[in-house]
Amino acid sequence: MSRRGLAAALLLAGASGCCTCGTPTFTVRNGAAREPAPAPALPGPAVRVLHLGDFGDATCQQEAVAAGMEGAHRRAPFDAGVAAGDLVYDCGPDAALPGADACAFAPDGATLAPGFTPPADPSFRVHDAPLAFLGPAPVYVALGNHDVANGGACGSPSDALARTKACLSVAHEGPQWVMPGRHYAVDVGPARFIVVDTNVIPRDYGGFTLDAEVAFVAAQAAGCAARPCFVVGHVPPATAGVHGGDATAETVARTQRLLDAGQGRIRAWLAGHDHDLQHLRTRGGLDVLVSGAGSRGRWRERFASTVPDADLLFASVRWGYGVLEVSAEGWRYRFEDSDGAAVYCCAAAGAGPCVPAACGP
């Protein structure tokens, strides 16, 4: 089978979460992740942030992962969540609802033009309802490719339709869906999260440009000398999953422009897109954490694909989610499976890398 054919087969196999296959467990550990050292203490007060992605399908996988996250919240409440795109499968919000086409962006191309009230759209419930256990804790969301999907079963292949869907996503509001703009930054305790629209990486679309994303990241990163900053973007800058096959010389170069805009001040990129759990480190020293096993799995994935200039530390097809804890002095990250068991951990001191570490209780 060709590489493209294999990728298509893997995507199809994971479309339903493979609920009849049992919970998958295949896991890869490389380098220091094979024999992790004890985790150092995280000094100072810390915030606790849930990291999930690709959560927008009502499958048994979503149900199991939501139960695991709820258990984690009971054990130690989350202060906030970040949801890295593909939150309303398959086609994003319903742009055919009466009045939806009146949604418009302000001149900045990121925030809403005033005066628009979105029509009630039950499509968002597939993401919001399973996260109701978080109560008032906000979930900061990013756009994924499915959230602006057009063409085929998702309507006419139209940049105008993609723009409307992006607009409706920004217009939707609720504790489990906070999106003040198509791109935006938010501070949670000592941490800053710079949320970007990675749909511009393959090409500019809907009047949105990579230049605008680069300028936004550069402006926000200017404040990251004094606080730990994290990019939240659906498409990771490095992956060992099936989407590694999407990387072309052009997309790698366009992604690098976003990375360079961070001025070396970004601690990690929190992503989804590949429906699994991964920790990679680029040769430039950026930690990439993929938490995309929210509602659709890829149980046949064997992590044979890597993009250039990145090392794979950990990858697993387990259903699960990520837990990020950040203080002013450092941060740590933990992947937990749908049963709430820790499957991988890393810890970072100051501006250093997140080094594989033994998971505590």
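This text goes with the structure placed above it.
Residues numbered from 1 in each chain as written. Predicted model: local features only at pLDDT ≥ 70, side-chain atom pairs only at ≥ 80, totals over all residues. Heavy atoms only, no water.

Our next topic: the sheet that holds strand β8 (residues 266-271). Pairing is mixed in the open sheet, where eight strands are placed in the order β1-β11-β9-β10-β8-β7-β6-β5. The strands lining the two open edges of the sheet, one partner per strand, are β1 (27-29) and β5 (184-188). The mean angle between the axes of side-by-side strands here comes to 20°, regardless of whether they run parallel or antiparallel. Both β5 and strand β6 (residues 191-195) contribute to a ladder of five bridges, which runs antiparallel. (Pairing = 2+ DSSP bridges. Helix = DSSP H or I, 4+ residues; strand = E, 2+ residues; numbered from the N terminus. Axes fitted to C-alpha atoms, helices over the stretch in contact; angles between N-to-C directions.)

Along the chain, the position of Arg298 falls in the loop between β10 (287-291) and β11 (310-316). Classification of Arg298 by relative accessible area gives buried; the value is 2%. (Buried < 20%, exposed > 50% of the residue type's maximum accessible area, 1.4 Å probe, protein only.)

Turning our attention to the state of the cysteines. Evaluation of the coordinates by the stated rule reveals five disulfides. Each sulfur in the disulfide pair Cys91 and Cys154 lies 2.0 Å from the other. Judged by the torsion about the S-S bond (-70°), the Cys91/Cys154 disulfide is left-handed. Of the two residues, Cys91 sits in the loop between β3 (80-83) and α3 (125-128) while Cys154 sits in the loop between β4 (139-141) and α4 (159-171), which places them 63 residues apart along the sequence. Assigned by exposure class, Cys91 and Cys154 land together as buried. Linked covalently through their sulfurs, Cys346 and Cys354 form a disulfide whose S-S length is 2.1 Å. The S-S bond linking Cys346 to Cys354 shows a torsion near 90°; that makes this disulfide right-handed. (Disulfide = S-S within 2.5 Å.)

In this section: helix α2 (residues 60-75). For α2, with 16 residues, the first-to-last C-alpha span of 23 Å sits near the 22 Å given by 1.5 Å per residue. Within the sequence span of α2, burial applies to Gln61, Gln62, Val65, Ala66, Gly68, Met69, Gly71, Ala72 and His73. Contacts from the buried residues of α2 go to β2 (47-52), α3, β12 (320-327) and β13 (330-337). (Expected span 1.5 Å × (residues − 1). Contact = heavy atoms within 4.5 Å.)

All right, on to the pattern of salt bridges then. With the rule as written, the count across this model stands at 18 salt bridges. With a shortest N-O distance of 2.9 Å, Asp57 and Arg296 are connected by a salt bridge. Within this pair, whereas Asp57 is found in the loop between β2 and α2, its partner Arg296 is found in the loop between β10 and β11, the two being separated by 239 residues in sequence. The two residues Asp57 and Arg296 agree in class, both being buried. Across the pair Arg182 and Asp197 runs a salt bridge whose closest N-O atoms are separated by 2.9 Å. Of this pair, Arg182 sits in the loop between α4 and β5 while Asp197 sits in the loop between β6 and α5 (210-221), and the two are 15 residues apart along the sequence. On the basis of relative accessible area, Arg182 is assigned to the buried category, the value being 2%. Under the relative-accessibility criterion, Asp197 is labelled buried at 0%. Through salt bridges with shared partners, one network takes in Arg48, Glu325 and Arg332. (Salt bridge = Lys/Arg side-chain N within 4 Å of Asp/Glu carboxyl O.)

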